[in-house]
Amino acid sequence: METDLSLLSSIYSISGVVITLLYIPQFLAVYKSQSDLKDISIPTWFIWTICLAISSAYAFLVAKDIKIFLVYLAGTFFCGAISLCAFHKKKKFKSKAEL
C-alpha cells in the first residue's frame, strides 16, 4: 500500500508541474493578442484565481501539504497574471474604441 501512495504522490507532483506549465501558452496568447479579447471571460479567470488562492491557503494552513500548496500557489499566480493581462488589454481596446 505504501508503494501505491508514493506512486500516487509522484504522479500528483508531476501533474502539478504539467498543469502549471500549461498556463504559460494561455498567458502568452493573451499577452500577444492584438484583438479586444471578446472570447476571454475575465470574471471566470478572476474566480479561478480566487478559488486557487483559497485552495493555496487551505493546503498550507489546514492540510499542511507543501506539494499541494505549491501547485495551487503556481496556479494562483498564472491565473492572476492571465486575468490582469486580459483585463488590461480589454480596457486598452475599449479606450481606443471610444476615441
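What counts and what doesn't
Residues numbered from 1 in each chain as written. Predicted model: local features only at pLDDT ≥ 70, side-chain atom pairs only at ≥ 80, totals over all residues. Heavy atoms only, no water. Helix = DSSP H or I, 4+ residues; strand = E, 2+ residues; numbered from the N terminus. Rg over C-alpha atoms; globule rule 2.2 N^0.38 Å. Buried < 20%, exposed > 50% of the residue type's maximum accessible area, 1.4 Å probe, protein only. Contact = heavy atoms within 4.5 Å. Areas by Shrake-Rupley, 256 points an atom, 1.4 Å probe, with all protein chains shown as cover. Lys, Arg positive; Asp, Glu negative; His and termini not counted. Charge placed at Lys NZ, Arg CZ, Asp CG, Glu CD. Salt bridge = Lys/Arg side-chain N within 4 Å of Asp/Glu carboxyl O. Patch = residues over 30% accessible without salt bridge, like charges linked within 9 Å, V, L, I, M, F, W, Y side chains within 5 Å. Phe/Tyr/Trp six-rings, centres within 6.5 Å; stacked < 30°, edge-to-face > 60°. Polar contact = N/O pair within 3.5 Å; in protein donor to acceptor, adjacent residues only side chain to side chain.

Participant: Quick question: what am I supposed to make of the overall build of the protein here?
Facilitator: For the protein, the helix and strand inventory stands at four helices and zero strands. Walking the protein from its N terminus toward its C terminus, one meets helices and strands in the order α-α-α-α. The globule rule puts the C-alpha radius of gyration for 99 residues at 13 Å, and the 17 Å found for the protein is more than 25% above it. Along the three orthogonal principal directions, the C-alpha set of the protein runs to about 65 × 25 × 15 Å. For the protein, with 99 residues in total, the buried portion stands at 26%. Here the analysis covers contacts within the protein between residues at least 6 apart in sequence; of these, 74% occur between residues at least 24 apart. In the structure as shown, the protein presents an accessible area of about 7,100 Å², 73% of it carried by carbon and sulfur atoms. Between the averaged position of the 10 positive side-chain charges in the protein and that of its 6 negative side-chain charges there is a distance of 15 Å.

Participant: Mind showing me how you'd approach the pattern of salt bridges here?
Facilitator: Side-chain pairs of opposite charge can arise where the charged atoms are in close proximity. If you walk through the whole model with that rule in mind, you get one salt bridge. We note a salt bridge from Lys38 to Asp36, for which the minimum N-O separation is 3.7 Å. A relative accessible area of 31% means that Asp36 is categorised as partly exposed.

Participant: Would you explain a nonpolar patch on the surface in this entry?
Facilitator: Together, Tyr58, Phe60, Leu61, Val62, Ile66, Leu70 and Leu73 line one region of the surface with nonpolar side chains, adding up to about 720 Å² of accessible area. Listing elements by their share of the nonpolar patch, those giving two or more residues are helix 3 (42–63) and helix 4 (66–98). Here the element with the most residues in the nonpolar patch is helix 3; it accounts for four residues. Looking at the secondary structure, you find Phe60 in helix 3.

Participant: Just to check I follow, could you spell out unusual backbone geometry for this structure?
Facilitator: It is generally the case that most residues other than glycine have a negative phi and that most peptide bonds are trans. Positive phi, normally seen in glycine, also occurs at Leu37, with a value near 55 degrees. With respect to the helices, strands and loops of the structure, Leu37 is situated in the loop between helix 2 (23–32) and helix 3. For Leu37, a relative accessible area of 4% gives the class buried. At Lys64, a residue that is not glycine, the phi angle is positive and equals roughly 55 degrees.

Participant: It is not clear to me how the packing of aromatic side chains should be interpreted in this structure. Could you clarify?
Facilitator: Each aromatic ring pair is described using two quantities: the centre-to-centre distance and the angle formed by the ring planes. Using the criterion set out here, one finds five aromatic pairs in the structure. Ring centres of Phe27 and Tyr31 lie 5.9 Å apart, and the angle between their planes is 20 degrees; on these two criteria the pair is classed as stacked. Taken together, the residues Phe27 and Tyr31, both in helix 2 and four residues apart, mark about one turn of the helix. With centroids separated by 5.1 Å and ring planes inclined at 80 degrees, the aromatic side chains of Phe77 and Phe78 adopt a geometry described as edge-to-face. On the basis of relative accessibility, which here comes to 17%, the residue Phe78 falls in the buried class. Taken together, the ring pairs connect Tyr23, Phe77 and Phe78 into an aromatic cluster.

Participant: Just to check I follow, could you spell out the side chain of Lys89 for this structure?
Facilitator: Here Lys89 is to be found in helix 4. In this structure Lys89 is buried but unpaired, with Asp36 as the nearest side chain of opposite charge at 11 Å. Engagement of the side chain of Lys89 in a polar contact is seen with the backbone oxygen of Tyr31, the distance being 2.5 Å. In this structure the side chain of Lys89 is engaged in a polar contact, spanning 2.7 Å, whose partner is the backbone oxygen of Ser33.

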